[in-house]
Amino acid sequence: MSQFWSESVHKLKPYIPGEQPKTSNLTKLNTNENPYPPSPKALAAIQAAADESLKLYPDPNSDILKQSIADYYSLDTAQVFVGNGSDEVLAHTFQALLKHDKPLLFPDITYSFYPVYCGLYDINYKTIPLNDAFAIEVDDYNQENGAIIFPNPNAPTGIGLDLTSIETLLQHNPNSVVVIDEAYIDFGGKSAVPLIHQYSNLLVVQTISKSRALAGLRVGFAMGHPDLIQGLIRVKDSFNSYPLDRLATLGAAAAMDDKVYFDNICQRIITSRDTLYVDMQALGFHVLPSQANFIFVTHPNHDAKTLALSLRQQGIIVRHFEATRINMYLRISIGTAQACEKLIKALKNILI
Ligand SMILES: *Cc1c(COP(=O)(O)O)cnc(C)c1O
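Structure report, in brief. (Residues numbered from 1 in each chain as written. Predicted model: local features only at pLDDT ≥ 70, side-chain atom pairs only at ≥ 80, totals over all residues. Heavy atoms only, no water.)

Together, Trp5, Val9, Leu12 and Leu120 make up an exposed nonpolar region whose accessible area comes to about 330 Å². Position of leucine 12 relative to the elements: it lies in the loop between helix 1 (7-10) and strand 1 (27-28). (Patch = residues over 30% accessible without salt bridge, like charges linked within 9 Å, V, L, I, M, F, W, Y side chains within 5 Å. Areas by Shrake-Rupley, 256 points an atom, 1.4 Å probe, with all protein chains shown as cover. Salt bridge = Lys/Arg side-chain N within 4 Å of Asp/Glu carboxyl O. Helix = DSSP H or I, 4+ residues; strand = E, 2+ residues; numbered from the N terminus.)

Right, dumping it as structure tokens:
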């Protein structure tokens with residue numbers, strides 16, 4: 001606490017990111033990074049961009065990247081917004097589109113950054129409980145609201161929602177912005193992006209951090225009606241005109257363009273996830289059905305926090321959340337096939 005802080009800073013409850021250990025001898029299954037390297041074409045683009053042109057400011061609009069995203073989803077660039085990681089895109093979204101007199105609605109179990117942004121921007125919100133199976137019931141959102149946001153698939157459960165349910169939600173809430181955070185959509189879910197042509201109140205947020213293996217580059221994006229995008233641009237240009245540097249803009253564009261590599265690593269992760277699902281069940285875990293690059297598991301006879309500590313002693317880090325309702329669960333990112341085998345071996349040592 002400091003006497004010099006602005007008054008509002010005393011009240012903030014900052015987000016706590018997963019651990020990034022300084023040593024590399026640990027198997028990191030705690031922050032949902034991709035276990036595979038980025039597209040070689042993305043790396044080549046970044047290396048080629050590291051030249052004297054760095055003395056100049058980048059394109060403030062990152063037009064090259066917007067075009068690659070627009071091409072990938074058959075959109076117009078006016079329907080695309082880009083930012084420094086989807087966390088920044090989400091922050092601008094909360095400020096530009098989600099602050100109203102009526103409460104913003106999101107699930108009780110969800111991405112824990114949402115309440116943090118509500119604190120930062122002083123946004124009135126209400127949480128809606130997931131059902132007993134930890135799934136989102138869209139009918140529960142048929143109540144007075146200023147806007148709605150949730151991830152699909154949800155985090156940290158990994159449970160996906162079908163597009164029919166999302167359309168039902170949009171039809172019941174035509175006067176509210178509905179934000180679908182698709183950080184994990186490429187691991188088996190169905191993207192809501194095609195619905196933006198029909199629903200001008202829908203904003204879809206995505207990132208290249210997970211499925212495109214570029215968490216270190218910090219690039220996220222949003223897609224929606226140009227009026228929603230203009231709102232985001234107004235906030236962005238009141239905050240930082242150059243959120244994406246030259247390397248990030250070109251690297252991300254090359255990653256979006258390399259569909260063959262992208263499809264390949266996504267498929268490998270899906271295959272590993274399906275194997276891990278079966279192996280974890282065989283060890284007695286209850287595993288939620290995941291459409292993401294992680295699984296959310298609990299064991300009837302073992303405390304989750306103790307399990308996480310035991311795994312760490314064997315060189316594996318996983319994520320445990322203290323929140324009620326989920327404090328008996330562990331979130332485990334899908335690693336390479338080798339990393340999954342190492343995890344199962346370690347769990348066998350611990351459980352037996
Ligand atoms: C990882 C994650 C993000 C943030 O991704 P970045 O683009 O790396 O900032 C946003 N939403 C959810 C649900 C996530 O899990």
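The subject of this paragraph is the site of the ligand. Taken together, the neighbourhood of the ligand is formed by Gly85, Ser86, Asp87, Leu90, Tyr111, Asp181, Ala183, Tyr184, Thr207, Ser209, Lys210 and Arg218. At a separation of 2.5 Å, an oxygen atom of the ligand approaches a polar side-chain atom of tyrosine 184. Between an oxygen atom of the ligand and a side-chain N or O atom of arginine 218, the distance comes to 2.8 Å. Protein burial of the ligand: of its 390 Å² of free accessible surface, 93% is covered by the chains. At four residues, helix 4 (residues 85-97) tops the list of elements feeding residues into the shell around the ligand. Residues of the shell around the ligand, tallied by class, amount to four nonpolar, four polar and four charged. (Near = heavy atom within 4 Å. Polar contact = N/O pair within 3.5 Å; in protein donor to acceptor, adjacent residues only side chain to side chain. Nonpolar A, V, L, I, M, F, W, Y, C, P; charged D, E, K, R; others polar.)

Another aspect to go through is helix 8 (residues 246-257). Compared with the 16 Å implied by 1.5 Å per residue over twelve residues, the 17 Å span of helix 8 between its first and last C-alpha is a close match. Among the residues of helix 8, Ala248, Thr249, Gly251, Ala252, Ala253, Ala254, Ala255 and Met256 are the ones counted as buried. For helix 8, the N-terminal capping position is held by aspartate 245, with its side-chain oxygen 2.9 Å away from the main-chain nitrogen of leucine 247. (Expected span 1.5 Å × (residues − 1). Buried < 20%, exposed > 50% of the residue type's maximum accessible area, 1.4 Å probe, protein only.)

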